Each structure stands twice: as C-alpha cells, then as structure tokens.
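Notes for the structure review
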Amino acid sequence: MRLIIKFSPIEGRVSTSLFLNKFTIQGMFYSIFLKSEKLKNKHEEKGFKFFCFSDVFSKDEYYYILFSSPSKEFVMETYNIFKRIEYFYIGYNIFRKIDVKKLNFKIGKKIDWTTGSPVVVYYNNKPFSFLKDRDYSIFFARLKENAIKKYTSYYSEPITIEELFDKVNLKKSVAIPLQKDRKKFVIFGSMWNSLEKSYIPKEERKFYQFLLDAGIGEKNSLGFGFINPKIKRFP
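My aim in this report is to walk through the structure given alongside it, one point at a time. Everything numeric in this text was worked out from a predicted model, so none of it was measured. (Residues numbered from 1 in each chain as written. Predicted model: local features only at pLDDT ≥ 70, side-chain atom pairs only at ≥ 80, totals over all residues. Heavy atoms only, no water.)

1. Points about the overall build of the chain
The test is simple: Comment: elements are numbered from the N terminus, with helices defined as DSSP H or I runs of at least four residues and strands as E runs of at least two. What the globule rule says is 2.2 Å times the number of residues to the power 0.38, and the radius of gyration is computed from C-alpha atoms. Two residues qualify as a contact provided that any one of their heavy atoms is within 4.5 Å of a heavy atom in the partner residue. Only the protein chains shown count as covering a residue, and every accessible area follows the Shrake-Rupley method with a 1.4 Å probe. Only four residue types enter the tally: Lys and Arg on the positive side, Asp and Glu on the negative side, with His and both chain ends excluded. For the purpose of locating charges, the reference atoms are NZ of Lys, CZ of Arg, CG of Asp and CD of Glu.
Within the chain, the secondary structure is distributed over four helices and 12 strands. For 235 residues, the compact-globule estimate of 2.2 N^0.38 gives 18 Å, and the C-alpha radius of gyration of the chain, at 17 Å, lies within 12% of that figure. For the chain, long-range pairs separated by at least 24 residues make up 74% of all intrachain contacts whose partners lie at least 6 apart in sequence. Accessible surface, the chain as shown: approximately 12700 Å² in total, 48% of it carbon and sulfur. A gap of 3 Å separates the mean positions of the 43 positive and 25 negative side-chain charges of the chain.

2. Some thoughts on the sheet that holds strand β12 (residues 227-229)
Here is the rule we go by: Only strands that DSSP links by at least two bridges are regarded as paired with each other. Angular values range over 0 to 180 degrees, each being the angle between N-to-C directions of two axes fitted as lines to C-alpha atoms, with helices fitted over their stretch in contact.
Reading across from one edge, β10-β11-β7-β12 is the order of the four strands in this open sheet, with antiparallel pairing throughout. Looking along the sheet, the strands with just one partner apiece sit at the ends: β10 (167-180) and β12. Going from strand to strand, the sheet's axes swing by 30 degrees on average, the running direction of each strand aside. Helix-sheet contacts for helix α4 (residues 205-214) involve β7 (111-115), β11 (183-197) and β12, and the interaxial angle to β7 is about 20 degrees.

3. Overview of a nonpolar patch on the surface
We count it as follows: The patches reported here contain residues having more than 30% relative accessible area and no salt bridge. Joining distances are 9 Å for like charges and 5 Å for nonpolar side chains (Val, Leu, Ile, Met, Phe, Trp, Tyr). Should a side-chain nitrogen of Lys or Arg be within 4 Å of a carboxyl oxygen of Asp or Glu, the pair is scored as a salt bridge.
Taken together, Ile10, Tyr87, Tyr89 and Ile94 make up a surface patch of nonpolar side chains, about 360 Å² in accessible area. Position of tyrosine 87 among the secondary structure elements: in strand β5 (residues 87-90).

4. Regarding the packing of aromatic side chains
The test is simple: Two aromatic rings from Phe, Tyr or Trp, using only the six-membered ring of Trp, form a pair when their centres are within 6.5 Å; if the ring planes differ by under 30 degrees the pair is stacked, by over 60 it is edge-to-face, and anything between is tilted. Here the term buried applies to any residue with accessible area under 20% of the maximum for its type, exposed to any over 50%, and partly exposed to those in between, with areas from a 1.4 Å probe on protein chains only. Note on criteria: charge over ring means Lys NZ or Arg CZ within 6 Å of the ring centre, with the direction from the centre no more than 35 degrees off the ring normal.
This model, assessed by the stated rule, comprises 45 aromatic pairs. Here phenylalanine 50 and tyrosine 154 contribute two aromatic rings whose centre-to-centre distance is 4.9 Å and whose plane-to-plane angle is 65 degrees, an arrangement assigned as edge-to-face. Here the residue phenylalanine 50 occupies a position in the loop between α1 (22-33) and β2 (52-53), and tyrosine 154 occupies one in helix α3 (residues 136-155), the gap between them amounting to 104 residues. Classification of phenylalanine 50 as buried rests on a relative accessible area of 16%. Taking the ring centre of phenylalanine 185 as reference, the NZ or CZ of lysine 183 above it sits at 5.9 Å.

5. A look at the pattern of salt bridges
As enumerated under the stated definition, the model contains seven salt bridges in all. Aspartate 55 is paired through a salt bridge with lysine 22; the nearest N and O atoms lie 2.6 Å apart. In this pair, aspartate 55 sits in the loop between β2 and β3 (57-59) while lysine 22 sits in helix α1, placing the two residues 33 residues apart along the sequence. With relative accessibility at 27%, the residue aspartate 55 sits in the partly exposed group. Across the pair arginine 142 and glutamate 145 runs a salt bridge whose closest N-O atoms are separated by 3.0 Å. Remark: glutamate 145 and arginine 142 occur in helix α3; sequence separation between them is three residues, near one turn of the helix. Salt bridges linked by common partners bring Arg142, Glu145 and Glu218 together as one network.

6. Some points on the layout of surface pockets
Stated formally: Using protein atoms alone on a 1 Å grid, points that fit a 1.4 Å probe yet trap it form a cavity, whereas open point sets bounded by protein on both sides within 12 Å along at least five of seven lines form a pocket; residues with an atom within 4 Å of a point count as lining. Grid points are joined across faces, edges and corners, and a volume is the space filled by probe spheres set on the points. Here the nonpolar group is Ala, Val, Leu, Ile, Met, Phe, Trp, Tyr, Cys and Pro; Asp, Glu, Lys and Arg are the charged ones; every other residue, Gly included, is treated as polar.
Here the largest pocket defines a volume of roughly 610 Å³. Going through the elements one at a time, α1 and α3 are the ones with two or more residues in the lining of the largest pocket. Considering each element in turn, the lining of the largest pocket owes the most residues, five residues, to α3. Class assignment for the residues of the lining of the largest pocket results in eight nonpolar, eight polar and eight charged. Taken as a whole, the second largest pocket spans an internal volume of roughly 440 Å³.

7. A few points about the environment of tyrosine 155
Locating tyrosine 155 in the fold gives a position in helix α3. Since its relative accessible area comes to 29%, tyrosine 155 is described here as partly exposed. Sequence spacing of tyrosine 155 and isoleucine 98 is 57 residues, and the spatial spacing of their C-alpha atoms is 35 Å. Look past the residues within four positions of tyrosine 155 in its chain and what remains in contact with it is Lys206 and Phe210.

8. Points about the pairing of strand β4 (residues 62-68)
Of all the seven residues making up β4, six are buried; the element is thus mostly covered by neighbouring parts of the structure. In this structure, strand β1 (residues 2-9) lies alongside β4, joined through six bridges in antiparallel fashion. Residue pairing for β4: leucine 3 is matched across the bridge by phenylalanine 67. Bridge count between β2 and β4: two bridges; the pairing is antiparallel. Following the sheet pairing, phenylalanine 53 is matched in β4 by phenylalanine 67. Two strands pair when backbone bridges link them, and β3 and β4 are joined in this way by three bridges, in the antiparallel orientation. Residue pairing for β4: serine 58 is matched across the bridge by tyrosine 63. Here β3 folds back onto β4, and the loop between the two strands holds two residues, one of which, aspartate 60, carries a positive phi near 60 degrees.

Rendered as structure tokens:
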C-alpha cells in the first residue's frame, strides 16, 4: 500500500537541492511518525524498517512524494497523520500539505515496473555501480538475495525465486550526494526504465506484492529502491 503526498512551499519555490539529500527527507518522515504513539519509536527499530519513499518530483506549482510499506496499518497511520496536519518541515523549510491520497496496486499475472528512486545494492561491501562495472548478473544476484532476505524477515516464511525479472531496461547510473550531520559522501545507484516479469505464478504474487510495497535493493527506508507500476496517468 502507498500514499501520494502533494505539497507546496509557503513562500515561492525552493531549490531542488533541498530534496537531493535523502537524510533530510527521511528526517521529515521520522518527525511525522513522532506524532503517533504507534510509530514514534520507528527510528529506534533495529533491522529492516519496511517502508520506502520516492524521490520528490514536481508538476505545475506543486511537489509530490510517494510513501509505501507492506504494512497496511503502518500506511494508514501515516495517512491519518498527514490528513490532520496542515504544515510540515523538510530541513528548515516549511511546506503546506495540499493533499494526501491512498493508492493500492495489486500484483497480477505479469509486471512492468519503473523506479521512482535509485536502486542501491552492495557488492564486496561497496555500492555496486554500473559506472564501474557492467556485470548485470552480479547486480541482479545481489538484488534477489536482498529481496528474499527482506521477505523472509517480514513474513517468517521461505520463498524460492528463479529470476526476479526476465526483461530489464537500464535508464541510467547515478551518483547521489548525501550529507548526514556534517559528513558528506556519495552513494551509487541505478534508475530503470523497465523491470518486467512476463508471467508470475500465483504462489509468487505475494512476494512481488511485498517488493512493490517495500522497495527493492538496500536502504529502502532512506528512500532508495522505490518502485512504481507503469500506468498511463500519474500522479
């Protein structure tokens, strides 16, 4: 399940550089969670957080961000918080919430996904980069390993998957600048035009539903690996 949050700055437009640092956006969500007794300790949880958010994007004079989780209760609690607030901060900038809507995409017999934020996987303790290595087999092997690990952690049940996708189209490799406190660094990721699976047997659809809602790759709760199904009109 997911949300789409529509918002605008109080005074004019803001620099897009504000939205590049994922730690700043993550901080906004953690401040939102603090408004709920059920979610206020989310930041302190160990292991997978099981939520993800997209890059911020704009249309006309408004900004949008998507938020998703395999937990309907988690999404609904976040939705209720956004419904009742009028303003929120991203960094030191205040924004007016315009609207928040619920979205729920169901997995069918096939999928065709695109990325809403860069996908990050680690190999040999470093973020894998197509700028340095064009070995798709390494990337997708690590991607599948991570996906199965998250799924079994969430559902406490085994799953066997042959190949995650049978047709892919890389859009670009990216280097994302990040800053945490005063420390600046860069993390590598990839954006994808298409991640397709031509047929998904019924017993695997729960797994792919989980990936759609939890995100793929690593550092999902930092806003990496957000997935969108291809639809004609969005937002």
